[in-house]
Amino acid sequence: MQKEIYAVLRKYWGYDSFREQQEEIIESVLNNNDTLGLLPTGGGKSLTFQVPTMVLPGMTIVITPLISLMKDQVDNLRNRQIKAIYIHSGLKYADIRNAIDKCIYGNYKFLYISPERAASERFLESLRHMNISQIAVDEAHCISQWGYDFRPSYLKIAKIRELFPNVPVLALTATATPVVVNDIMDKLNFRTRTVFKKSFSRTNLSYIVRHVDNKMEKLVNILRQSNGSGIVYVRSRKKTKLVAEELQHYDISADFYHAGIVNEEKQEKQDKWKKGETRIMVATNAFGMGIDKPDVRTVVHLDVPNSLEEYYQEAGRAGRDNKKSYAVMLANNRDKSLLKKRIAETFPPVDFIKEVYVRLCNFLDIGLGGGFDKLFEFNFSLFCETFKYPPTTTHSALKILSQSEYIEYVEEVEVQSRVMVLVDKRNLYDIPNATPLMDKILEIILRNYPGIFADYVFIDEATLSYRYGITPDEIYSTLIALNKMHILHYIPRRRTPYVYFPTSRVEPRHLLLPKSVYEEGLKRLEQRIAAITDYAFNDSECRERRMLQYFGETASDCGRCDVCVEKRRNKKDNTKEVIDGILYMLSLKPCSAKDIIETLSFPDNTIYDMLRYLTDEGFIRLKDGYYCSK
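Quick caveat, the model's predicted, so the values are computed rather than measured.

Caption draft 1: View of the sheet that holds strand E6 (residues 169-173). The strand order across the open sheet built from seven strands is E3-E4-E2-E5-E6-E1-E7, with neighbouring strands paired in parallel fashion. Each edge of the sheet is formed by a strand with only one pairing partner; in this case those strands are strand E3 (84-87) and strand E7 (194-197). With strand direction ignored, the average angle separating the axes of adjacent strands in the sheet is 20°. Across four bridges, the pairing between strand E1 (residues 35-38) and E6 is parallel. Note that in E6 the partner of Leu36 across the bridge is Ala171.

Caption draft 2: Representation of the packing of aromatic side chains in the model. Counted by the stated rule, this structure contains 27 aromatic pairs. Pairing Tyr12 with Trp13 gives two aromatic rings, centres 6.0 Å apart and planes at 65°, and the pair type is edge-to-face. Since its relative accessible area comes to 19%, Tyr12 is described here as buried. One aromatic cluster in this structure is built from Phe352, Phe363, Phe378, Phe380, Phe383, Phe387, Tyr389 and Tyr409. The ring of Trp273 has Lys293 lying over it, and the distance from NZ or CZ to the ring centre is 5.4 Å. Of note, Lys336 hangs over the ring of Phe537, and the distance from its end group to the ring centre comes to 4.7 Å.

Caption draft 3: Structural context of the sheet that holds strand E10 (residues 254-257). With respect to topology, six strands assemble into an open sheet ordered E8-E13-E12-E9-E11-E10, the strand pairing being parallel. Only two strands of the sheet have a single neighbouring strand rather than two, namely strand E8 (205-211) and E10. Sheet twist, expressed as the mean angle between neighbouring strand axes with direction ignored, is 20°. Here helix H9 (residues 215-225) sits on the sheet in contact with E8, strand E9 (229-233), strand E11 (280-283), strand E12 (296-301) and strand E13 (325-331), set at roughly 170° to E13. Across the face of the sheet, helix H10 (residues 237-249) comes into contact with E10 and E11 while running at roughly 175° to E10.

Caption draft 4: View of unusual backbone geometry. The backbone of Asp251 shows a phi angle near 60°, a positive value even though the residue is not glycine. Among the structural elements, Asp251 can be located in the loop between H10 and E10.

Caption draft 5: Focus on the side chain of Thr478. Turning to its location among the elements, Thr478 is positioned in helix H19 (residues 472-484). Engagement of the side chain of Thr478 in a polar contact is seen with the backbone oxygen of Glu474, the distance being 2.7 Å.

Caption draft 6: Geometry of the side chain of Glu23. Along the chain, the position of Glu23 falls in helix H2 (residues 22-30). Here Glu23 is buried and forms no salt bridge, its nearest opposite-charge partner Arg10 lying at an N-O distance of 10 Å. Within the local environment of Glu23, its side chain forms a polar contact with the side chain of Tyr6, the two groups lying 2.8 Å apart. In this structure Glu23 touches Gln2, Tyr6 and Phe18, once residues within four positions along its chain are discounted.

Caption draft 7: Region of interest: the nonpolar core. Core analysis: the largest hydrophobic core is formed by 67 residues, its most contacted members being Tyr207, Tyr311, Leu360, Phe378, Ile407 and Phe501. The element best represented in this core is helix H20 (residues 519-537), accounting for seven residues. Ignoring any residue separated from it by four or fewer positions in sequence, one finds Phe501 in contact with Tyr357, Leu360, Cys361, Leu364, Ile366, Gly371, Phe372, Asp373, Lys374, Phe376, Tyr406 and Ile407. Grouped together as the second largest cluster of nonpolar side chains are 40 residues, Ile87, Cys103, Leu127 and Val180 included.

Caption draft 8: Representation of the pattern of salt bridges. Summed over all chains, the structure comprises 30 salt bridges. Across the salt bridge formed by Lys576 and Asp580, the nearest N and O atoms sit 2.9 Å from each other. One end of the pair is Lys576 and the other is Asp580, both in helix H23 (residues 575-588) and four residues apart, which spans about a single turn. Lys576 sits in the exposed class, given a relative accessible area of 57%.

Reading guide: rules and limits
Residues numbered from 1 in each chain as written. Predicted model: local features only at pLDDT ≥ 70, side-chain atom pairs only at ≥ 80, totals over all residues. Heavy atoms only, no water. Pairing = 2+ DSSP bridges. Helix = DSSP H or I, 4+ residues; strand = E, 2+ residues; numbered from the N terminus. Axes fitted to C-alpha atoms, helices over the stretch in contact; angles between N-to-C directions. Phe/Tyr/Trp six-rings, centres within 6.5 Å; stacked < 30°, edge-to-face > 60°. Buried < 20%, exposed > 50% of the residue type's maximum accessible area, 1.4 Å probe, protein only. Lys NZ or Arg CZ within 6 Å of the ring centre and 35° of its normal. Contact = heavy atoms within 4.5 Å. Polar contact = N/O pair within 3.5 Å; in protein donor to acceptor, adjacent residues only side chain to side chain. Lys, Arg positive; Asp, Glu negative; His and termini not counted. Salt bridge = Lys/Arg side-chain N within 4 Å of Asp/Glu carboxyl O. Core = buried A, V, L, I, M, F, W, Y, C linked by side-chain atoms within 4.5 Å.

Right, here's the structure in full:
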């Protein structure tokens, strides 16, 4: 089996070795064990289900809540000549039916779905006709009510498990407390409670908090003093652009990124940053998922996130090459009030949530008892503008209604461009006032998209532009002109949210928010806000130790964070004498820690601290249990 695993790894991914814990997880799945993999950000979670899929005879069904990541992974698999497809609530029924047929008859290896699919009886019936050999659950913490992003739709995954009781389940997450770990295995009906956990400790990463009033000034200083590429995280789309422009003003190479940018622009920004053409990416938390850049030296949080789980994932994008890196959080007293405000914004009053539901139904023209199993395009901005609603609390209300399963709010799904030729094929060669560019683009489309006379076909302007040397603007304007001439019908790509109604519209008095969603969700958020506030503003305890304890690990002081460095600086002991004594001993010969402790008359913990400091800073090295001079 091991030979097969490595053969697949080399053939499809071009690697000769696995990262820590990957091989063990893969072997566990191939031995038909239900398995939970706890791999921190950048730990290579996707390979742990993708490799066994290529060894097993059937197909893997992958459940993930992130539509953008779903699409990225499917595209990456297709680029490796692996048959993969996805289904989510933003697709039309015909597209979903087509995808299901391909999985039943087309020998596909991966089917990515959103968790809401598991609630559809029609979809579950289709699954019975598929050869499923593995069930992979990404972002598995979402299934636990104790997790930081609990989604009731994840509880429906157990229905898929019931259909395939003897197929191994692989649950994956980057962050989970011990309570969440047990809850994941319970909710997914694990037959064998096999857990692989990589330590959350990052020995090359220094966690630093700076309390400053002028964050922008401090950010500029940090980036000027640091080397290599970096990420600056902020909490609003508008702020990404403002901060990037401010950094450019200080001659710091920077760009911005958020979920509202079109895919081509996203890809271009990512590529420039990956290649080092852009040094700093200012982004919302939409940036980083599935992006593996090993040499990020600095991650700065300009705004304090909602939880230690979020912070750990985002900060962990620094130093994936195991070289010394820094995770810096900038905080001030205003952040304390903003964190409290987020609680009220995330859990608005129940009456407001009910009002949003009623007005949403009216906005979409859905009467009482109507709407069941229907999908609607939804203009969120127009909705907020129409009813004078604040966007943040309205978004939270829609999310709570989704978690309560009255609606499914699917944010900003990108709908690809479509074209259908309206005239007879013979008439295409005799178009009045046709330009050479029109003729060329029509010829390209006819050559690349068969069936365009019978039905709409999806086209990709960026691909055509790259392949034939025509700018995207030229393609767009030409297709618009042909559309106006009624030669073809062109529907340009767009980004739009959707609302799906899994149940009929109910009266407000019958709209009940489950305790697990509202009351317990509010309590959990308050606890997480308290934990991240303590992390950001309590300067008496090691940052990393506090974080590791939160995730259930026993830890000692890291010696690298700002708290540990400050403690060492303020110690009124014989630090210089200890360092001089260690360096003198090592100049004579290599010594073990025990040798040094027995020779020098200083406290054991002081000597251990200095050994760690001298090793981290590169003054000495540790080899085979012995400390040596550089």
